[in-house]
Amino acid sequence: MDLAGELVRIPSRGGLDSYEPVVNHLADWLGAHGLAARRLRGPSGEVVAVACEVHGARPGPRYVLDACLDTAPFGAETAWTRSPVSGAVVDGWLHGRGSADSKAAVAIFAHIGARLRRDAERMHGAVTLLFDVDEHTGGFGGAKAYFTDPATGPVAGVMIGYPGPEHVVIGGRGVLRARLHVHGVAGHSGGSRPTPNAIVKAAAMVQALAEADLPGSPSAQFPPPPRVTVTAVSGGEGYSVVPDLCTLNIDIRLTPSFDHAGAEKLLRGTVDDIDARWPETAPTSLELVTRWPPYRLPDTSPLLTALLRAASRYGSAPQPRVAGPSNIGNYLAGLGIPATAGYGVDYVGLHGTDERIRIQSITPVQAVYHRALMELLPIA
């Protein structure tokens, strides 16, 4: 709880704050507990994660405990009962931005690493602590820097410390994100002859995507359905110019029955159909931005069974769940690495006003992860 509070009191909003203070504080804590922290850097040399390794003296697999050290923005600070960086403990709750997502998990995993280090002579395999500071930006630079490094070697699985004690997330819808650059013909809005308006053409694409019939119905194994959402529209300026370009941001949530190939086919078919109706305009260009596959762990996954057995031992019964939103587990699935997301601390106000965690939920969460690792990496 002390470490979680110290981390909350250091602002580390994704893309807004310097990460150096929170990275340095955590690295110092790890060093004081016998764990050598290293800073992972992105393509431009910026720090994107803190990582450290606990190697057992006996051969075995490598597992990763992953949690983000950056946070969501504060929102309207005047709406908070206490400062977003207060780290205050009141009536059994630890308050502040990032307490739930996911500085409590960072503190829990750091303590588990320190405990495992003391048992390293008897432990099989290895555990990596990976704390990303590029998660809330959507860049996931820390994960990419670690998992794509040839020196990392094989990883048997990843446990992501997202909050919430009710579920173990074992899958999620994938995502295909794209930009459509829709072209019209520039002209004067008061001219004697109208010219094709890029925004009007783009509106036809928005309508067509909204009415698209998406294949695949939900199943017991993968309940969330596919979805297409237009999330941003930009184009035009002033009042007297007919716009010749309008850009649409498209977010498509994927399922096993509607994968990235099906989503791309839908986009290209829609584009071709609308372009054919607007012959005086240049063809729409399609820019693919992000592509993560849907995934679901099998019921027999060692990660899942170890977590559920450990939870049961400590009187908890989280339910396996396939999530609607994507998470870093989707990225890992694309690399062939199994991952769970959550089981975590009890919380209120995730990404919202007065974010806080229930302090008494820290101990069972830490015990469950520790016990699960003792099963996955037997300690003789």
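Note: the structure precedes this text.
Residues numbered from 1 in each chain as written. Predicted model: local features only at pLDDT ≥ 70, side-chain atom pairs only at ≥ 80, totals over all residues. Heavy atoms only, no water.

Overview of helix 6 (residues 260–277)
So, point 1. Taking 1.5 Å per residue as the helical rise, helix 6 with its 18 residues ought to reach 26 Å, and the 26 Å between its terminal C-alpha atoms agrees with that figure.
So, point 2. When helix 6 is considered as a whole, its buried residues turn out to be Ala263, Glu264, Leu266, Leu267, Thr270, Val271, Ile274 and Asp275. An end-on view of helix 6 places all buried positions within 155° of arc, on one side of the element. Exposed positions of helix 6 whose direction lies more than 90 degrees from the buried face are Lys265, Asp272 and Ala276.
So, point 3. Its side-chain oxygen placed 3.2 Å from the backbone nitrogen of Ala261, Asp259 serves as the N-cap of helix 6. (Helix = DSSP H or I, 4+ residues; strand = E, 2+ residues; numbered from the N terminus. Expected span 1.5 Å × (residues − 1). Buried < 20%, exposed > 50% of the residue type's maximum accessible area, 1.4 Å probe, protein only. Arc of directions from axis to C-beta. Polar contact = N/O pair within 3.5 Å; in protein donor to acceptor, adjacent residues only side chain to side chain.)

Let's talk about the packing of aromatic side chains
Two measures describe an aromatic ring pair: the distance that separates the ring centres and the angle between the ring planes.
So, point 1. A full pass over the atoms with the stated rule returns five aromatic pairs.
So, point 2. Both rings, one in Phe109 and one in Tyr369, keep their centres 5.1 Å apart while their planes meet at 80°; by these two values the pair is edge-to-face. Of this pair, Phe109 sits in helix 3 (residues 99–118) while Tyr369 sits in helix 9 (residues 362–376), and the two are 260 residues apart along the sequence. Like Tyr369, Phe109 is buried.
So, point 3. Relative to Phe147, the ring of Tyr146 lies with its centre 5.0 Å away and its plane at 85°, an arrangement referred to as edge-to-face. Like Phe147, Tyr146 is buried.
So, point 4. Above the plane of the ring of Trp93 lies Arg356, whose end atom (NZ or CZ) is 5.5 Å from the centre. (Phe/Tyr/Trp six-rings, centres within 6.5 Å; stacked < 30°, edge-to-face > 60°. Lys NZ or Arg CZ within 6 Å of the ring centre and 35° of its normal.)

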